Amino acid sequence: MSRSAHPAGPRHADVLPEGHYSAPPADLNHLDPHVWSRTVTRNDDGAVEVGGIDVRDLAAEQGTPAYVLDEADFRARCRAWRAAFGKDADVFYAGKAFLSRAVVRWLHEEGLDLDVCSGTELAVALDAGMPADRIAMHGNNKTPAEIDRAVAAGVGRIVLDSFQEIVRVAAAAERHGRRQRVQIRVTVGVEAHTHEFIATAHEDQKFGIPLAGGQAAEAVRRVLKLESLELVGIHSHIGSQIFDMSGFEVAARRVVGLLGEIRDEHGVQLPEIDLGGGLGIAYTSADDPAEPHQIAKSLTEIVTRECEAAGLDLPRLSVEPGRAIVGPTAFTLYEVGTVKPLEGLRTYVSVDGGMSDNIRTALYDAEYSVALVSRRSDAEPMLSRVVGKHCESGDIVVRDAFLPADLAPGDLIAVPATGAYCRSMASNYNHALRPPVVAVADGQARVIVRRETEEDLLRLDVG
Ligand SMILES: *Cc1c(COP(=O)(O)O)cnc(C)c1O
């Protein structure tokens, strides 16, 4: 792996499971339920169905490329997280993974809270009826206008990310005559990756206030002095696409350590701990993520143990899964445009989208799976690379995958587990029109984010 770690997370080349994708799967028609959303099946025609709808009908009615979101799966995952953590903890969905008004309504109906990290994410959340006190505001450089809007709306918490921000949020709260609930985001010195983590004394990245050098303790002192701020807890988010819980263990120990120092210095015990998000999902059959109840059990045990050791009361725990809720619930449906065999190398399969609808492969070597979904095929496996239509050789959607050798222009293929960080990171490169998000459930398809049009783009171009 040549690239360095990124918060939304690559996997490290040196920890790839042995034999990953070195051999074709036994049956190319098989759809691994770990990777595909819950209601995905192959019907008697050999075509894939989701939410009771044949993908060929979806393509005909909605066009391609399109993100197809399995609403029943989304709701089931919300419920599983909610149930796993119980009434003594809060589950905040991380809106940056994918946010729309429909999603906000589903979250609210399923009893989840919501993280936003910009004024416009906040606007979507409020517009869709999420109560402000169930919203947490994040961001390492919230603008004064964003802070003002969040305070005025009455968000449940603002997560402070710098010394400057302490002053800004306090001033906004004073202006609005409010006492704003805040957490302080600390960096604990844990670099977490898919299958490993590194505990360090320092962390070289832009988020949070370091525990190292007493900086976080100083931030606590300043916040506690400000009448307009109510310090309710400490926040830590250690990374993304994590399978190894031991990084959370080190983070929890260090956060609880700070709670102990705060009690000793100030005589108060802060009531909340937030351990962030970052739980991994299966992008390929080689990934084996834990279930929400296992994660809840493990995190609760870690925090309980650390608090007992420090002689602290158990704080209220919160978590912020984004990818783990929405990631597995959607796939991207593409039409094959060209099939180009390169002798002795591989076959390049070009689709009608690419890095504009999924930047993760180009950005951090993310791995994906792919399948032919418009029909069944018993042809031989063909080593393939799925690429887009953009003017960039790095425009790769799936780096290595096997597709049937009879794949032809006009076939529909789908890339699963694209619910998180695909539509939300989509761009207009080459003036691509960003694809729609189509929610499917019980035989009904509903566009929840429509496809961009040429008029949308031309309206922005004011000459
Ligand atoms: C990105 C982010 C999350 C969600 O991360 P996932 O990997 O999608 O679970 C949660 N909390 C914070 C503070 C984040 O920045």
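What you are looking at is a predicted structure, and each value in this text was computed from that prediction instead of being measured.

Asker: Break down the overall build of the protein chain for me, with residues and values.
Answerer: Of the regular secondary structure elements, the protein chain holds twelve helices and 23 strands. In summary, the protein chain has a C-alpha radius of gyration of 23 Å against a globular reference of 23 Å for 463 residues, a match within 12%. Sequence-distant contacts, at least 24 apart, represent 71% of the contacts inside the protein chain between residues at least 6 apart. Total accessible area on the protein chain stands at roughly 19200 Å², and carbon and sulfur atoms take up 49% of it. When the 48 positive and 68 negative side-chain charges of the protein chain are each reduced to one mean point, those points stand 4 Å apart.

Asker: So what's going on with the domain arrangement of the protein chain? Residues and values would help.
Answerer: As far as domains go, the protein chain holds domain 1 (25–70 + 328–460) and domain 2 (138–321). Each of domain 1 and domain 2 has a C-alpha centre, and these two points are 36 Å apart. Where domain 1 meets domain 2, there are zero salt bridges. The tally of links between domain 1 and domain 2 comes to three residue pairs in polar contact (both at pLDDT 80 or more).

Asker: Describe the pattern of salt bridges, naming the residues involved and giving the relevant values.
Answerer: When charged atoms on two side chains of opposite charge get close, those side chains can pair. For the coordinates displayed, the defined rule picks out 33 salt bridges. Arg385 is the partner of Asp400 in a salt bridge, and the nearest nitrogen-oxygen pair spans 4.0 Å. Linking Asp400 in strand β20 (residues 396–404) with Arg385 in strand β19 (residues 381–387), this pair joins segments that are 15 residues apart in sequence. Here Asp400 falls in the partly exposed class, since its relative accessible area comes to 30%.

Asker: Pulling in residues and values, what's your account of the site of the ligand?
Answerer: Residues in close proximity to the ligand total 14 residues, the closest being Lys96, Ser240, Glu320, Arg323 and Tyr421. The separation between an oxygen atom of the ligand and a polar side-chain atom of Tyr421 is 2.6 Å. Compared with its free state, where it exposes 390 Å², the ligand has 93% of that area covered by protein. Here the shell around the ligand is composed, by residue class, of three nonpolar, seven polar and four charged.

Asker: Now, about the packing of helix α4 (residues 119–127) against helix α5 (residues 144–153): what can you tell me, with residues and values included?
Answerer: Think of two packed helices as two axes; the pair is described by the angle between the axes and how far apart they sit. Packing of α4 against α5 leaves a shortest axis separation of 9 Å and a crossing angle of 25°. It follows that α4 is roughly parallel to α5 by the angle criterion. Our pair here, α4 against α5, has a crossing hand that is left-handed. Mapping the contact onto sequence places Gly119, Leu122, Ala123 and Leu126 in α4 and Glu146, Arg149, Ala150 and Ala153 in α5. Each residue belonging to the contact of α4 with α5 can be placed in one class, and the counts come to five nonpolar, one polar and two charged.

Conventions and cut-offs
Residues numbered from 1 in each chain as written. Predicted model: local features only at pLDDT ≥ 70, side-chain atom pairs only at ≥ 80, totals over all residues. Heavy atoms only, no water. Helix = DSSP H or I, 4+ residues; strand = E, 2+ residues; numbered from the N terminus. Rg over C-alpha atoms; globule rule 2.2 N^0.38 Å. Contact = heavy atoms within 4.5 Å. Areas by Shrake-Rupley, 256 points an atom, 1.4 Å probe, with all protein chains shown as cover. Lys, Arg positive; Asp, Glu negative; His and termini not counted. Charge placed at Lys NZ, Arg CZ, Asp CG, Glu CD. Domains from an automatic or database assignment. Salt bridge = Lys/Arg side-chain N within 4 Å of Asp/Glu carboxyl O. Polar contact = N/O pair within 3.5 Å; in protein donor to acceptor, adjacent residues only side chain to side chain. Buried < 20%, exposed > 50% of the residue type's maximum accessible area, 1.4 Å probe, protein only. Near = heavy atom within 4 Å. Nonpolar A, V, L, I, M, F, W, Y, C, P; charged D, E, K, R; others polar. Axes fitted to C-alpha atoms, helices over the stretch in contact; angles between N-to-C directions. Parallel < 35°, antiparallel > 145°, perpendicular 65-115°, else oblique. Left-handed = near helix turned anticlockwise from the far one by under 90°.

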